[in-house]
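Survey of secondary and tertiary structure
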Amino acid sequence: MAKNPEKRKELTSVERRVARIASHLLPSISPLSPAPPIVRSVASAEDSYRRVHGEVSAKEAAWREVCDDESGKGFVDIIYEKALGEGIAKITINRPERRNAFRPLTVKELMRAFNDARDDSTIGVVILTGKGTKAFCSGGDQALRSSDGYADFDSFGRLNVLDLQVQIRRLPKPVIAMVAGYAVGGGHILHMVCDLTIAADNAVFGQTGPKVGSFDAGYGSSIMSRLVGPKKAREMWFLSRFYTAYEAEKMGLINVVVPLEILEQETLKWCREILRNSPTAIRVLKSALNAVDDGHAGLQELGGNATLIFYGTEEANEGKTAYMERRRPDFSKFPRKP
Ligand SMILES: CC(C)(COP(=O)(O)OP(=O)(O)OC[C@H]1O[C@@H](n2cnc3c(N)ncnc32)[C@H](O)[C@@H]1OP(=O)(O)O)[C@@H](O)C(=O)NCCC(=O)NCCSC(=O)CCC(=O)c1ccccc1C(=O)O
C-alpha cells in the first residue's frame, strides 16, 4: 500500500476505474442459463451514491393484512397487504385452485385495493401477484364466461378487467408484477400493463385467447406490440405459444428473471430502490412514458401532473389568493423564463 497520501489517492482512483470497467466486461448471460443469485447491478460497489445511501435492503417485509376498505365489504378473492413502516402494498389474487383465474368479483376487489393503494399517501409502490407458485394469473375464469362477458353472482356478463387495466396504467405510482408460474391469457395482459415485471425462473408467459375463442384487441395487443415488436406480437397472438421466463426476458417482455426462492426478496429490493427516489419524479415519469401511447388520456394524465406541480408555486397561489381577496392578481413579479 502506498504511504504517500497523493499516491494512495491516485491508486484508489485507478482501482475504482478498473472496477467500473470490469463491471461492463462481465460475460453476458445466455437466455437459457440459470439466473445469477445477485441480479444485475452495473454500478460498482465503490460509487459515491452507494457510499452515501448504502445497499438496498433485501430483508423480508412485515406484511399487515388489510381486511377491508371504506366499502366495508371485505375481500374474498384477493389478499391485500401493506408492509409495516415501508411504502409498499401487495395485492395477491387468491384463487390458486383455478390457477388464479379472475372472475368479476376478483376484478372488483382488485380495483378496490388498487384504489386504496392510490389514495394512501404512505404507499409508493404496489406489487401485483398470484397466490402460490403455480400461477400469477390464468386470465378470465372460463367456467363463468357467457355470451356477454363473465358473469358470477348475477346474470350480467362483464369485461371489467379492461377497467382494471386502465386503472393500473393510470395509477400515479409504479405497479410491479411479481410472477411465479403461469401468466397466461388475461393474466398475461395484467402483467404487461404493470410498469415492471419480475419473474421467477418457473414463470411461463403467453396468450391463449385464440385457442379458447377470445382476444384482447386493446392494451393486450397494443402494449404487447410496443414491448416485443410487431412481428413477435403477431407470433404471440397468432400461434398462442407459451414462453419461458428467459425467453420472455430476451424478448423485452419482462425486466428480470430470478430464482423462485428469492422472487419476493428481489421484488422488495426493487421496490425499496424506487422508494429512495423522488415520488414526484417517478409519478411524472410514469405518465410521460405512457403519454404518447395513451393519446388524449395519456396527455391528460401528464398534464394533470403539470397542474399539480404548478399549484405548489407562488405564481399559482397569487392567482388563487387574488381571486379570494377580490383583487387583481399581480403576476408581474413572476419571470417569463426563456
Ligand atoms: C394455466 C394452465 C396452463 C395451467 O395448466 P395446469 O398447471 O396443467 O393446470 P390445470 O389442471 O389446467 O388447471 C388447474 C385447475 O384450474 C382451472 N383453471 C385454470 N385456468 C382456468 C381459467 N382460466 N378458467 C377457469 N378455470 C381455470 C382448471 O380448469 C383446473 O381445474 P380442475 O377443476 O382442477 O380441473 C391451464 O390451466 C390453462 O391453460 N388455463 C386456461 C388459460 C386460458 O385459456 N385462459 C383464458 C384466456 S381468455 C381470457 O383470459 C380473457 C379475459 C378477459 O376478460 C378479456 C376479455 C376480452 C378482452 C380482454 C380481456 C382481458 O383479459 O384482457
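As the structure is a computational prediction, the values presented were derived from the model and not from experiment. (Residues numbered from 1 in each chain as written. Predicted model: local features only at pLDDT ≥ 70, side-chain atom pairs only at ≥ 80, totals over all residues. Heavy atoms only, no water.)

1. Here we look at the overall build of the protein
How we decide: The helix count covers DSSP runs of H or I at least four residues long, the strand count covers runs of E at least two residues long, and both are numbered beginning at the N terminus. The rule is simple: take the accessible area with a 1.4 Å probe, protein chains only, and divide by the maximum for that residue type; under 20% is buried, over 50% is exposed, in between is partly exposed. Contact between two residues is taken to exist if any of their heavy atoms lie within 4.5 Å; hydrogens are not considered.
Per the secondary structure count, the protein includes 13 helices and 13 strands. Evaluated residue by residue, the protein yields a buried proportion of 42% over its 338 residues. Within the protein, contacts between residues at least 6 apart in sequence are counted, and of these 66% link residues at least 24 apart.

2. Considerations on the pairing of strand S2 (residues 78-83)
For the record, the criterion: Only strands joined by at least two bridges in the DSSP assignment are considered to pair.
Burial within S2 is extensive, with 6 of its 6 residues counted as buried. Here S2 shows no split at all, with Ile78, Tyr80 and Lys82 on one side and Ile79, Glu81 and Ala83 on the other all buried. Pairing between strand S1 (residues 63-65) and S2: 3 bridges, direction antiparallel. Counterpart to arginine 64 in the pairing with S2 is lysine 82. Sheet topology note: the S2/strand S3 (residues 88-93) ladder contains 5 bridges and is antiparallel. Counted as the bridge partner of glutamate 81 is lysine 90 from S3. Turn length for the S2-S3 hairpin, with the two strands adjacent in sequence and antiparallel, is 4 residues, and the turn residue glycine 85 shows positive phi of about 75°.

3. A few points about the packing of aromatic side chains
The condition is simple: Aromatic pairs are defined between Phe, Tyr and Trp rings, using the six-membered ring for Trp, whenever the two ring centres lie within 6.5 Å; interplanar angles under 30 degrees are classed as stacked, those over 60 as edge-to-face, and all others as tilted. Any Lys NZ or Arg CZ found within 6 Å of a ring centre and within 35 degrees of that ring's normal is scored as a charge over the ring.
Enumeration according to the criterion identifies 3 aromatic pairs in this entry. Here tyrosine 182 and phenylalanine 242 contribute two aromatic rings whose centre-to-centre distance is 5.9 Å and whose plane-to-plane angle is 55°, an arrangement assigned as tilted. With a gap of 60 residues between them, tyrosine 182 in strand S9 (residues 182-184) and phenylalanine 242 in the loop between helix H8 (230-239) and strand S12 (243-244) connect regions that are remote in the sequence. Classification of tyrosine 182 by relative accessible area gives partly exposed; the value is 36%. For phenylalanine 242, a relative accessible area of 37% puts it in the partly exposed group. Across from the ring centre of tyrosine 219, 5.3 Å away, lies the NZ or CZ of arginine 169, which sits over that ring. Geometry around phenylalanine 242 places lysine 211 over its ring, the cationic atom sitting 5.1 Å from the centre.

4. A word on helix H10 (residues 263-275)
Put simply, the test is: One less than the number of residues in a helix, times 1.5 Å, gives the span that helix is expected to have.
Under the 1.5 Å per step criterion, the end-to-end length of H10 is 18 Å for 13 residues, consistent within 8% with the ideal 18 Å. Within H10, burial applies to Leu263, Glu266, Thr267, Leu268, Cys271, Arg272 and Ile274.

5. Side note on the site of the ligand
The following threshold applies: By convention in these notes, a residue is near a molecule or strand provided one of its non-hydrogen atoms lies within 4 Å of it. Polar contact criterion, stated in full: a pair of N or O atoms within 3.5 Å, where within protein one must be able to donate a hydrogen and the other to accept it, and residues adjacent in sequence count only if both atoms are side-chain atoms. In this description, accessible areas are obtained by the Shrake-Rupley approach with a 1.4 Å probe, and a residue is regarded as covered only by the protein chains that are shown. Only Asp, Glu, Lys and Arg are considered charged in this grouping, and only Ala, Val, Leu, Ile, Met, Phe, Trp, Tyr, Cys and Pro are considered nonpolar; every other residue, Gly among them, is considered polar.
Among the 26 residues in the neighbourhood of the ligand, the closest are listed as Ser138, Gly140, Gln165, Thr208 and Asp216. Separating an oxygen atom of the ligand from a side-chain N or O atom of aspartate 216 is a distance of 2.7 Å. Taking 1100 Å² as the accessible area of the ligand by itself, protein coverage stands at 68%. Here the shell around the ligand takes 3 residues from helix H4 (residues 161-170), the largest share from any one element. Among the residues making up the shell around the ligand, the classes are represented as 12 nonpolar, 9 polar and 5 charged.

6. Remarks on the packing of helix H3 (residues 104-119) against H4
Put simply, the rule is: Axis definition: a line fitted to C-alpha atoms, over the contacting stretch in the case of helices. Angles run 0 to 180 degrees between N-to-C directions. Should an angle lie under 35 degrees it is considered roughly parallel, over 145 roughly antiparallel, and from 65 to 115 roughly perpendicular; all remaining angles are considered oblique. When the near helix sits turned anticlockwise from the far one by under a right angle, the crossing is termed left-handed; a clockwise turn instead gives a right-handed crossing.
Where H3 meets H4, the closest approach of the two axes is 9 Å, and the angle between their N-to-C directions is 15°. Judged by the angle between their axes, H3 and H4 are roughly parallel. H3 and H4 meet at a crossing whose hand is left-handed. Of the residues in H4, those in contact with Val107, Leu110, Met111, Phe114, Asn115 and Arg118 of H3 are Val161, Asp163, Leu164, Gln167, Ile168 and Arg170. Taken together, the residues that form the contact of H3 with H4 break down as 7 nonpolar, 2 polar and 3 charged.

7. Notes on the sheet that holds strand S10 (residues 196-200)
Strand order across the open sheet formed by 7 strands is S1-S2-S3-S4-S8-S10-S13, with mixed pairing between neighbours. At either margin of the open sheet sits one strand with a lone partner, and together these are S1 and strand S13 (256-258). Averaged over all pairs of adjacent strands, the angle between their axes in this sheet comes to 25°, without regard to strand direction.

8. Things to note about the pattern of salt bridges
In plain terms, the rule: We define a salt bridge as a contact between a side-chain nitrogen of Lys or Arg and a carboxyl oxygen of Asp or Glu at a distance within 4 Å.
Following the criterion strictly, the structure yields 18 salt bridges and no others. Between aspartate 69 and arginine 112 there is a salt bridge, with its nearest N and O atoms 2.9 Å apart. Remark: arginine 112 occurs in helix H3 and aspartate 69 occurs in the loop between S1 and S2; sequence separation between them is 43 residues. When its relative accessible area of 15% is taken as the criterion, aspartate 69 is described as buried. A salt bridge links aspartate 154 to arginine 158; the nearest nitrogen and oxygen atoms lie 3.3 Å apart. With a relative accessible area of 31%, aspartate 154 lands in the partly exposed category. Bridged by salt links that share partners, the residues Asp77, Arg95, Arg103 and Asp141 form one connected network.

9. Some thoughts on helix H11 (residues 279-291)
Threshold: Throughout, the arc means the angular range of directions from the helix axis out to the C-beta atoms.
An ideal rise of 1.5 Å per residue puts 18 Å on 13 residues; H11 measures up with 18 Å between its terminal C-alpha atoms. Residues Lys286, Ser287, Asn290 and Ala291 constitute the buried set of H11. Projected down its long axis, H11 shows its buried positions confined to an angular sector of 135°, all on one face.

10. With respect to empty space enclosed by the protein
Where we set the bar: Here a cavity denotes grid points, spaced 1 Å and computed from the protein atoms alone, that fit a 1.4 Å probe unable to get out, and a pocket denotes an open set having protein on both sides within 12 Å along at least 5 of 7 lines; residues with an atom within 4 Å of a point are the lining. Grid points are joined across faces, edges and corners, and a volume is the space filled by probe spheres set on the points.
Per the counting criterion, the structure on display carries 1 cavity of 30 Å³ or more. Approximately 40 Å³ is the volume found for the largest cavity. Of the residues assigned to the lining of the largest cavity, the class counts are 6 nonpolar, 1 polar and 2 charged.

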